[in-house]
Number of protein chains: 2
Amino acid sequence: MRISVVKNVLDANDRIAGENRSLFDGKGIYVINLMSSPGAGKTTLVEETIEALKGKYRIGVIEGDIQDTCDADRIAKLDIPVVQINTGGGCHLDGNMVREALTSLDLDAMDLLIVENVGNLVCPAEFKIGENVKIMILSTPEGADKPAKYPLMFQEASVMIINKMDLMPYVSFDLGKARKDALALNPQLKIIEVSCRTKEGLDIWIGWLQERIEAYRKSAPSPAGP
Amino acid sequence: MRISVVKNVLDANDRIAGENRSLFDGKGIYVINLMSSPGAGKTTLVEETIEALKGKYRIGVIEGDIQDTCDADRIAKLDIPVVQINTGGGCHLDGNMVREALTSLDLDAMDLLIVENVGNLVCPAEFKIGENVKIMILSTPEGADKPAKYPLMFQEASVMIINKMDLMPYVSFDLGKARKDALALNPQLKIIEVSCRTKEGLDIWIGWLQERIEAYRKSAPSPAGP
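Residues numbered from 1 in each chain as written. Chains lettered and ligands numbered in written order. Predicted model: local features only at pLDDT ≥ 70, side-chain atom pairs only at ≥ 80, totals over all residues. Heavy atoms only, no water.

1. Details of the interface of chain A and chain B
- Facing 32 residues of chain A, the contacting portion of chain B comprises 32 residues.
- Of the roughly 2700 Å² buried at the junction of chain A and chain B (both faces included), carbon and sulfur atoms supply 56%.
- The interface formed by chain A and chain B includes four salt bridges.
- Here Asp71(B) makes a salt bridge to Lys149(A), at a shortest N to O gap of 2.7 Å.
- Across the chain A-chain B interface, the total number found is 10 residue pairs in polar contact (both at pLDDT 80 or more).
- Of the residues forming the side of chain A that touches chain B, the biggest block, three residues, is contributed by helix α5 (residues 146–149) of chain A.
- Its residues assigned to classes, the side of chain A that touches chain B comprises 15 nonpolar, seven polar and 10 charged. (Contact = heavy atoms within 4.5 Å. Buried area = accessible area lost by both parts, 1.4 Å probe. Salt bridge = Lys/Arg side-chain N within 4 Å of Asp/Glu carboxyl O. Polar contact = N/O pair within 3.5 Å; in protein donor to acceptor, adjacent residues only side chain to side chain. Helix = DSSP H or I, 4+ residues; strand = E, 2+ residues; numbered from the N terminus. Nonpolar A, V, L, I, M, F, W, Y, C, P; charged D, E, K, R; others polar.)

Structure, rendered in structure tokens:
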């Protein structure tokens, strides 16, 4: 009985996520679902991505947090439209929460939507929101045992960004093990090593993202014309 | 309707957690529920606590992970009875999982039970397991905005251990803000700064824990005699 209930919840979520996806395709919006443990560097990566791409694409951001608006406040300072979802205790975003947030954004003036999920390496991986791609961050202080212990996140993501590479001299992070274990779970996983602090490696992330956005714009159903 | 279902789940869990608590009191076992984000240092703190106290108390450990036994393997090397709970996707331990795990431990030969929860700063805070005390770890690379963003964990814990103090020169962690925001949520919170790597501050944690165990042993219903 219990399994059946969970399945229904996920089915219902998939349906709403699919509706979000159709809406995004109608407008030609590429959507990222960004996930990680608390404090791995999601908001900093969003800030860096905005700085790199704001001249090229019209960007919007949805911030997911249990409460508080401190991440959204950081994004608003960059003059980017941002909506805060406060889950009020909820441990992940779902399709419906994102759908509600979309009503506060001008989707006709957006090419790229970045959704920063609640900081949690477990639950967000289960819930689609209508994204084109799931991106996850693993930060070096967390340790290299995380793929083995939290497999779904690594299986669902298209990209694993290994952040805080600048801390490598001070932490015991086995980069080879992290890469190997993550690729064993997900052989297609793209792995990019960065330091948001020193900016090392960010060009590779930005290059990857731009390539994907351009490929989407070529292949997606054209947005409604003027 | 939805709120009512959640309430029933939590009520049922409270009942089972209460039964666990009665069992522990009958045996005179002090129980810690240890929680944090992934990679904050829970297992290392458990190892250090065992090293410091294994001559004084008979210790047992329950390891909670989604899958894998790497943490339990580390504890087993210290010659301490350990049971692994694999939640198979579940994001937290609950009273029933712990009750099941207890059948694999000799509770008549135990003074202190350390339960290491699934790495997650959100969901574990909602579920009692029959513990005497909830202990949480915040590590400096996670950032000082965590109390504001994940309030329940900081409200539920009796102790916040700030770990990885050795990384302070290399990360932007506002210790004053973390302390202030955590105490605003929970004025009784005991805050202990440690580095499991350099051992700095661990004596304060061990001293606090020993005091609590001794107070419990004086006040608790006596264990059943031989």
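2. Considering helix α2 (residues 42–53) of chain A
- The end-to-end C-alpha distance of α2(A) is 16 Å, a good match for the 16 Å that 12 residues give at a rise of 1.5 Å each.
- Of the residues making up α2(A), those classed as buried are Lys42(A), Thr43(A), Leu45(A), Val46(A), Glu47(A), Glu48(A), Thr49(A), Ile50(A) and Leu53(A). (Expected span 1.5 Å × (residues − 1). Buried < 20%, exposed > 50% of the residue type's maximum accessible area, 1.4 Å probe, protein only.)

3. Regarding the pairing of strand β5 (residues 133–139) of chain B
All names here are of chain B.
- Across the seven residues of β5, seven count as buried, placing the element largely inside the fold.
- Bridge count for strand β1 (residues 30–36) against β5 is five bridges, and the pairing is parallel. From the neighbouring strand, Leu 34 faces β5, where its bridge partner is Ile 135.
- Note that β5 and strand β6 (residues 159–163) share five bridges and pair parallel. Bridging across to β6, Met 136 finds its partner in Met 160. (Pairing = 2+ DSSP bridges.)

4. What to know about empty space enclosed by the protein
- Tallied over the full model, the rule gives two cavities of 30 Å³ or more.
- In this structure, the largest cavity encloses a volume near 70 Å³.
- Around the largest cavity, the lining comprises 15 residues; the ones closest to its centre are Ser139(A), Glu142(A), Pro38(B), Ser139(B) and Glu142(B).
- Estimated volume of the second largest cavity: approximately 40 Å³. (1 Å grid on protein atoms, 1.4 Å probe; cavity = no way out; pocket = protein on both sides within 12 Å on 5 of 7 lines; lining within 4 Å. Points joined across faces, edges and corners; volume = space filled by probe spheres on them.)

5. Examining the sheet that holds strand β2 (residues 59–65) of chain A
All names here are of chain A.
- The strand order across the open sheet formed by seven strands is β3-β2-β4-β1-β5-β6-β7, and the pairing between neighbours is parallel. Both edges of this open sheet fall to β3 (82–86) and β7 (190–193), since each of them pairs with a single strand only. Within this sheet the neighbouring strands show an average axis-to-axis angle of 20 degrees, counted without direction.
- Sitting on the sheet, helix α4 (residues 95–102) touches β2, β3 and β4 (112–116), and the angle it makes with β3 is about 140 degrees. (Axes fitted to C-alpha atoms, helices over the stretch in contact; angles between N-to-C directions.)

6. Section: the state of the cysteines
- Inspection of the entire model under this criterion finds zero disulfides over all chains.
- Free of any disulfide, Cys91(A) has its nearest neighbouring cysteine sulfur in Cys123(B), separated by 3.5 Å.
- The cysteine Cys196(B) is free of any disulfide, with Cys70(B) supplying the nearest cysteine sulfur at 17 Å. (Disulfide = S-S within 2.5 Å.)

7. What about the pattern of salt bridges?
- Applying the stated criterion across every chain, the model contains 33 salt bridges over all chains.
- A salt bridge links Glu131(A) to Lys134(A), with the shortest nitrogen-to-oxygen separation between them at 3.9 Å.
- Glu131(A) gets classed as buried once you look at its relative accessible area, which sits at 12%.
- When salt bridges with common partners are traced through the structure, they connect Asp65(A), Asp71(A), Asp145(B), Lys146(B) and Lys149(B) into a single cluster.

8. Overview of the sheet that holds strand β2 (residues 59–65) of chain B
Residues and elements named next belong to chain B.
- If you walk across this open sheet you meet the seven strands as β3-β2-β4-β1-β5-β6-β7, and the pairing is parallel. Of all strands in the sheet, those bounded by a partner on one side alone are β3 (82–86) and β7 (190–193). With strand direction ignored, the average angle separating the axes of adjacent strands in the sheet is 20 degrees.
- Its contacts with the sheet place helix α7 (residues 175–185) against β5, β6 and β7, and it is angled at close to 160 degrees to β7.

9. As for helix α4 (residues 95–102) of chain B
Residues and elements named next belong to chain B.
- By the burial criterion, the buried members of α4 are Gly 95, Val 98, Ala 101 and Leu 102. Down the axis of α4, the sector holding all buried residues measures 125 degrees, keeping them to one side.
- Structurally, the start of α4 carries an N-cap: the backbone nitrogen of Asn 96 is 3.1 Å from a side-chain oxygen of Asp 94. (Arc of directions from axis to C-beta.)

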